[in-house]
Amino acid sequence: MRIREDGKHAHRTDTIEQAAEFWNCNKTKALMRSAEFSWRMHERVQEVLAREDLTVQQKQEIADILSIPNTYDIGYKEIVTVKE
């Protein structure tokens, strides 16, 4: 697989190099580890947000903290019904 890093895609070089530094490995392995990490982490975030022992406010705070603007927006929403 080839990833364009020229022109408007030049920012990808820094991102890929940061991943390689973070994982302490080469760029290819870093991209693979990052991809696997992202879907595994997403599953765990959804598992935490499904817990019934957390309040709606706590779940929203967790979602806000773990969201990454323009990259990973959890967008947690829960409908609360109030009985009168």
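Residues numbered from 1 in each chain as written. Predicted model: local features only at pLDDT ≥ 70, side-chain atom pairs only at ≥ 80, totals over all residues. Heavy atoms only, no water.

(A) A nonpolar patch on the surface, seen in detail. Nonpolar side chains collect at one region of the surface, where M1, I3 and L31 lie side by side and expose about 340 Å² of accessible area between them. Mapped onto the secondary structure, M1 falls in the segment before α1 (11-23). (Patch = residues over 30% accessible without salt bridge, like charges linked within 9 Å, V, L, I, M, F, W, Y side chains within 5 Å. Areas by Shrake-Rupley, 256 points an atom, 1.4 Å probe, with all protein chains shown as cover. Salt bridge = Lys/Arg side-chain N within 4 Å of Asp/Glu carboxyl O. Helix = DSSP H or I, 4+ residues; strand = E, 2+ residues; numbered from the N terminus.)

(B) Region of the structure containing the confidence of the model for the chain. With 96% of its residues at a pLDDT of 70 or more, the chain shows a mean pLDDT of 88. When mean pLDDT is compared element by element in the chain, helix α2 (residues 27-49) scores highest at 94, while helix α3 (residues 56-66) scores lowest at 91. (pLDDT = per-residue confidence, 0-100.)

(C) Geometry of α2. The end-to-end C-alpha distance of α2 is 32 Å, a good match for the 33 Å that 23 residues give at a rise of 1.5 Å each. Turning to α2, its buried residues number three or more, namely A30, V45 and L49. Those residues of α2 that are buried lie in contact with α1 and α3. Taking the backbone nitrogen of T28 as reference, a side-chain oxygen 3.1 Å away marks N26 as the first, capping residue of α2. (Expected span 1.5 Å × (residues − 1). Buried < 20%, exposed > 50% of the residue type's maximum accessible area, 1.4 Å probe, protein only. Contact = heavy atoms within 4.5 Å. Polar contact = N/O pair within 3.5 Å; in protein donor to acceptor, adjacent residues only side chain to side chain.)

(D) Broad picture of the packing of α1 against α2. Orientation of α1 relative to α2, taken along the N-to-C sense of each, is 85°, at an axis distance of 8 Å. If you check the angle between α1 and α2, you find them roughly perpendicular. Contacts between α1 and α2 involve I16, E17, A19, A20 and W23 from the former and K27, A30, L31, R33, S34 and F37 from the latter. Among the residues making up the contact of α1 with α2, the classes are represented as seven nonpolar, one polar and three charged. (Axes fitted to C-alpha atoms, helices over the stretch in contact; angles between N-to-C directions. Parallel < 35°, antiparallel > 145°, perpendicular 65-115°, else oblique. Nonpolar A, V, L, I, M, F, W, Y, C, P; charged D, E, K, R; others polar.)

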